[in-house]
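# Summary of structural features
One-letter residues, chain by chain:
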Amino acid sequence: MRSTRGDIVIENLSREAAAAHVGELARLRMTVFRAYPYLYDGSAAYEERYLATYLEAPRAVVVAARHGDAFVGAATALPMAEATSEERAPFEAAGWAVDRICYFGESVLLDAYRGRGIGVAFFEHREAHARSLGLDTAVFCAVDRGEHHPAKPAGHAPLDGFWRNRGYRPLPFETTFRWKDIGEDDETAKRMLFWAKDLAGGGATR
C-alpha cells in the first residue's frame, strides 16, 4: 500500500526494505519517544532487537513515511497472536479472541511533519493490513503518566481526541512495559492503557 500527503510518501515496506533501514527506524523511535510522555532513554541496540519482532513475524507490517530519501515517521502492526505476552495477556484474561485482533505497535513521527495527515495515514495503512489478514479488531496501548507528572510540559495535549476521531475507544485493560526514563539509572515499570476499534463497525468489540 502506498499513499501520499503532499510531498511525503507513506508506504508499507517489504521485509527486505525494513531490514535494510532498521537503523533509521531505530533512530526514529529513540528520537520521538525521548519526548514526553514516554521520556525514553533508549539504545540503538535495544531498538534493533525490538524491531526484529516485526521483521520476523510473517504477518507483520512496517509502514514508513519518507520525505525524499529521509525516513520521518514509521508505524508497525502484527496479529495479536504473534505479539508479546504483555500485550496479549489482558485480552486473554478477559476472554477476547486474540486470533481476531491486530495489535498496533508504535506510531512515531518527527515534530516538523505533524499536522499533515501522516498520523491518519498510519492508521489507514495498518487498518487495511489488518483487514487483509481477516482480523476484525485493532488495538494499541499508550503510556499513562497521570495528571501531575513533573516532566509534563505546559500546554501538553493528549492524543485521546485524535484516537477517538479515528474510531478508537478506551478499554478497561492495562499492562506494564519497562524502560529507562531520561535521568533514571534503571528500568521501571510503566502503566500502559489499551484502546480498540471494531474494524467492521467502528466501535470497541470483543
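Figured I'd write up the structure that's included with this text.

Calculation criteria
Residues numbered from 1 in each chain as written. Predicted model: local features only at pLDDT ≥ 70, side-chain atom pairs only at ≥ 80, totals over all residues. Heavy atoms only, no water. Helix = DSSP H or I, 4+ residues; strand = E, 2+ residues; numbered from the N terminus. Buried < 20%, exposed > 50% of the residue type's maximum accessible area, 1.4 Å probe, protein only. Expected span 1.5 Å × (residues − 1). Arc of directions from axis to C-beta. Contact = heavy atoms within 4.5 Å. Pairing = 2+ DSSP bridges. Axes fitted to C-alpha atoms, helices over the stretch in contact; angles between N-to-C directions.

The next thing to look at is the environment of K152. Relative to the helices and strands, K152 resides in the loop between β6 (137-143) and α6 (160-165). Given the relative accessible area of 30%, K152 is considered partly exposed. Separated by 133 residues in the primary sequence, K152 and A19 have C-alpha atoms spaced 35 Å apart.

The subject of this paragraph is helix α5 (residues 118-132). Taking 1.5 Å per residue, 15 residues should reach 21 Å; α5 reaches 21 Å between its end C-alpha atoms and fits that length. For α5, every residue scored as buried is listed here: I118, A121, F122, F123, H125, R126, E127, H129 and A130. Two residues or fewer past α5, G134 is found with a positive phi of approximately 80°.

In this section: the environment of P172. Checked against the element boundaries, P172 lands in strand β7 (residues 169-179). Given the relative accessible area of 77%, P172 is considered exposed. With 21 residues separating them in the primary sequence, P172 and L193 have C-alpha atoms 7.9 Å apart.

Another aspect to go through is helix α4 (residues 85-93). Among the residues making up α4, those that are buried are E87, P90 and F91. The arc that holds the buried residues of α4, viewed along the axis, is 95°, so those residues lie on one side. Close packing links the buried residues of α4 with β5 (101-109), β6, β7 and β8 (188-198). Trailing α4 by a residue or two, G95 shows a phi angle of about 85°, which is positive.

What follows is about the sheet that holds strand β3 (residues 61-67). Taken together, eight strands build an open sheet; the order of strands is β1-β2-β3-β4-β5-β6-β8-β7 and the sheet is mixed. Where the open sheet ends on each side, the last strands, each with one partner, are β1 (2-5) and β7. Within this sheet the neighbouring strands show an average axis-to-axis angle of 25°, counted without direction. Relative to strand β4 (residues 70-79), β3 is paired through seven bridges, and the arrangement is antiparallel.

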